[in-house]
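Now for the letters of each chain:
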Amino acid sequence: MTELIVMTQKNYEDLKKELEYLVKVKRPEIIERIAEARSHGDLSENAEYDAAREEQRSNEGKIAEIEYKIKNADIREEISDTSYIHLGSVVTVYDEDLEEEQTYSITSVTEVDAMANKISVDSPVGKALLRKKVGETATVACPDGSDYVLKILKIN
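Residues numbered from 1 in each chain as written. Predicted model: local features only at pLDDT ≥ 70, side-chain atom pairs only at ≥ 80, totals over all residues. Heavy atoms only, no water.

Undergrad: Would you take a moment to explain the overall build of the protein for this structure?
TA: Across its full length, the protein carries three helices and seven strands. Its helices and strands taken in sequence order, the protein reads β-α-α-β-β-β-β-α-β-β from the N to the C terminus. The C-alpha radius of gyration of the protein comes to 21 Å, more than 25% above the 15 Å expected for a compact globule of 156 residues. Along the first, second and third principal axes, the C-alpha atoms of the protein reach 70 × 30 × 30 Å. Taking all 156 residues of the protein together, 32% fall into the buried category. Of the contacts made within the protein by residues no fewer than 6 positions apart, 50% connect residues no fewer than 24 positions apart. Summed over its atoms, the accessible surface of the protein is roughly 10000 Å², and 49% of this surface lies on carbon and sulfur atoms. Averaging the locations of the 21 positively and 33 negatively charged side chains of the protein gives two centres separated by 5 Å. (Helix = DSSP H or I, 4+ residues; strand = E, 2+ residues; numbered from the N terminus. Rg over C-alpha atoms; globule rule 2.2 N^0.38 Å. Buried < 20%, exposed > 50% of the residue type's maximum accessible area, 1.4 Å probe, protein only. Contact = heavy atoms within 4.5 Å. Areas by Shrake-Rupley, 256 points an atom, 1.4 Å probe, with all protein chains shown as cover. Lys, Arg positive; Asp, Glu negative; His and termini not counted. Charge placed at Lys NZ, Arg CZ, Asp CG, Glu CD.)

Structure follows, in structure tokens:
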């Protein structure tokens, strides 16, 4: 069964733009670099050729990944309701174990950025927080079998 990838319409449009750039701009540039490197002769000791081929593999991998995400997109309506946590919410929680507050943006898998505290609705924390309200707690299951509790302080 194919896994659906939850995203907003904006995420979907951004992916389509990125795919268009990779296919129509970057791919031809890489092909041109490969042709230029080939013209230099012996390919067995041609670092420029090897680098261009590696970039081509990477670009084609990105293209395949984005095509998969677009094909399996489950586009969700952006909700402005702040009475509960949903895709697009910014939520402040209190972790009793660490004795600290943390603010997360609940995003689609296409927008995840751990350094900016943007977590996926499909992550353990995201799943635990979904549909919770201010004052409630969410129990997050850890991969090692333990769990921890987050208290919801604020939803934007």
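Undergrad: Could you clarify how one ought to interpret the packing of helix α1 (residues 9–38) against helix α2 (residues 47–71) in this entry?
TA: In a packed pair of helices, the relevant descriptors are the angle between the two axes and the axis-to-axis distance. Interaxial distance between α1 and α2 falls to 9 Å at its minimum, and their mutual angle equals 160 degrees. One element, α1, and the other, α2, form an angle in the roughly antiparallel class. As α1 runs across α2, the sense of the crossing is left-handed. The residue inventory of the contact of α1 with α2, partitioned by class, reads 14 nonpolar, two polar and 14 charged. (Axes fitted to C-alpha atoms, helices over the stretch in contact; angles between N-to-C directions. Parallel < 35°, antiparallel > 145°, perpendicular 65-115°, else oblique. Left-handed = near helix turned anticlockwise from the far one by under 90°. Nonpolar A, V, L, I, M, F, W, Y, C, P; charged D, E, K, R; others polar.)

Undergrad: Can you help me understand the nonpolar core in this one?
TA: Looking at soluble globular proteins, one finds that nonpolar side chains tend to be buried together. Residues Val91, Tyr104, Ile106, Leu129 and Ile152 are the most contacted members of the largest nonpolar core, which totals 18 residues. If we ignore the near neighbours within four places in the chain, the residues touching leucine 129 are Ile85, Val91, Val93, Tyr104, Ile106, Ala138, Leu150 and Ile152. (Core = buried A, V, L, I, M, F, W, Y, C linked by side-chain atoms within 4.5 Å.)

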